[in-house]
Amino acid sequence: MKKVLCSRDQVNLKCVLLGGQSFRWKETNLDEYSGVFAGGFWVLKQNDDHIAYKRVPTTDLDEKMLSNYLRMDEPLDVYYKEWSLCDPIFKKSAERFKGIRMLKQEPVENILSFICSSNNNITRISSMVEKMCTLYGKKIDGTTYYAFPSIETLIGPQVEEDLKAAKFGYRAKFIRQTAEKMFELGSNKWISKLRNMNYDSAKKELMLLPGVGPKVADCICLMSLEHLEAVPVDTHVFQIARDNYLPHLKKYKTVTQPVYNEIGDCFRKIFKKNAGWAHTVLFLDDLKNFKQLEKHDDSSDGKPIAKRKKKF
């Protein structure tokens, strides 16, 4: 395996890869993770002073692709210091959760994966995404894995029928309709336009897609469109905001749209342009030992807030 010099404090692979940003990674051994991105199958091994990696098939650009995916060029120490000075609550979380980076993901995969996330758990989302890749993606040479399918392969009534047969439920229709809408809007040209828009405009544009509400739109803005001020608000983030920043929210039983917007604006006021990144550290700290990571519910649409589980 090749290696890139990097301490655990600079990249925490477990939190970054298994923390709900992407659904194509698995922990295969202690500190070892396998997954698919950039059209290849990867194995990453966390060590104290480096990350060992292997891509199949191998290319001359493997290190560059990995560095880009993990945002290795971003000065994480500087960010953590800035956020800690802004917020004593973040400072405590930062001491427990170092090395949290935002993956730089491919937008089409990010959009369609998060359509699968609505009212779902991470294990099932991962299974659905893998099934979609197996059905419509290109097989990666030398492996049993498949790349994420192109927009064009997900268009047509047969796609919806196939996904329903694969137990995608109502999401089958949304996936097909969203693929068709993205194709109609110009596919990659439209995605480039979203990146160049301001955050609010990009979010509104995304919410024109079937199955994309405010939280999913914020996930996409944050994880694949370079709008790092986007703050996805779910039940965990509501509880963090209610208990630490906005105590008047205790009178609310549901995350209404005004409440959702107020929470996002609160984090943006504190953490500025990278608010979504900073909020991810707080989110992971709230999950603690990942016992709650299975709960990836989208309860930000007016449903009752679940009672907080006991932290271990």
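Everything numeric here is computed off the predicted structure, so don't read it as measured data.

Caption draft 1: Representation of the overall build of the protein in the model. Secondary structure assignment for the protein yields 14 helices and seven strands. Relative to its length of 312 residues, the protein is compact, with a C-alpha radius of gyration of 19 Å against a globular reference of 20 Å. Principal-axis analysis of the C-alpha atoms gives the protein an extent of 50 × 45 × 40 Å. Within the protein, the proportion of its 312 residues that are buried is 54%. Accessible area of the protein: about 14500 Å², with a carbon and sulfur share of 53%. Between the averaged position of the 51 positive side-chain charges in the protein and that of its 40 negative side-chain charges there is a distance of 4 Å.

Caption draft 2: Structural context of the environment of K164. Mapped onto the elements, K164 comes out in helix α7 (residues 157-165). For K164, a relative accessible area of 41% corresponds to the partly exposed category. Taking the C-alpha atoms as reference, K164 lies 23 Å from L208; in sequence the two are 44 residues apart. Apart from residues no more than four positions distant in its own chain, K164 is found in contact with G169 and A172.

Caption draft 3: Seen up close, the packing of helix α4 (residues 88-96) against helix α14 (residues 275-287). Contact pair α4 / α14: the axes reach a minimum separation of 9 Å and the direction vectors enclose 65 degrees. Of the possible angle classes, the one that applies to α4 and α14 is roughly perpendicular. The two elements α4 and α14 meet at a crossing, and its hand is left-handed. Residues I89, F90, S93, A94 and R96 of α4 lie in contact with α14, whose contacting residues are A278, V281, L282 and D285. Here the contact of α4 with α14 is built from residues that sort into six nonpolar, one polar and two charged.

Caption draft 4: How the structure looks around the nonpolar core. The biggest cluster of nonpolar side chains holds 77 residues, and the ones touching the most others in it are F90, L206, I263, F267 and F271. At eight residues, α14 tops the list of elements feeding residues into this core. Every residue in contact with F90, bar those within four places of it in the chain, is listed here: Y80, W83, S84, Y245, F271, A278, V281 and L282. Residues C6, L18, W42 and Y53 belong to the second largest nonpolar core, which totals 18 residues.

Caption draft 5: Region of interest: the side chain of E205. Along the chain, E205 falls in helix α10 (residues 199-206). In contact with E205, not counting residues within four places along its chain, are W190, K193, L194 and M197.

Here is what the cut-offs are and how they apply
Residues numbered from 1 in each chain as written. Predicted model: local features only at pLDDT ≥ 70, side-chain atom pairs only at ≥ 80, totals over all residues. Heavy atoms only, no water. Helix = DSSP H or I, 4+ residues; strand = E, 2+ residues; numbered from the N terminus. Rg over C-alpha atoms; globule rule 2.2 N^0.38 Å. Buried < 20%, exposed > 50% of the residue type's maximum accessible area, 1.4 Å probe, protein only. Areas by Shrake-Rupley, 256 points an atom, 1.4 Å probe, with all protein chains shown as cover. Lys, Arg positive; Asp, Glu negative; His and termini not counted. Charge placed at Lys NZ, Arg CZ, Asp CG, Glu CD. Contact = heavy atoms within 4.5 Å. Axes fitted to C-alpha atoms, helices over the stretch in contact; angles between N-to-C directions. Parallel < 35°, antiparallel > 145°, perpendicular 65-115°, else oblique. Left-handed = near helix turned anticlockwise from the far one by under 90°. Nonpolar A, V, L, I, M, F, W, Y, C, P; charged D, E, K, R; others polar. Core = buried A, V, L, I, M, F, W, Y, C linked by side-chain atoms within 4.5 Å.

Shape is all these values report; function is a separate question.
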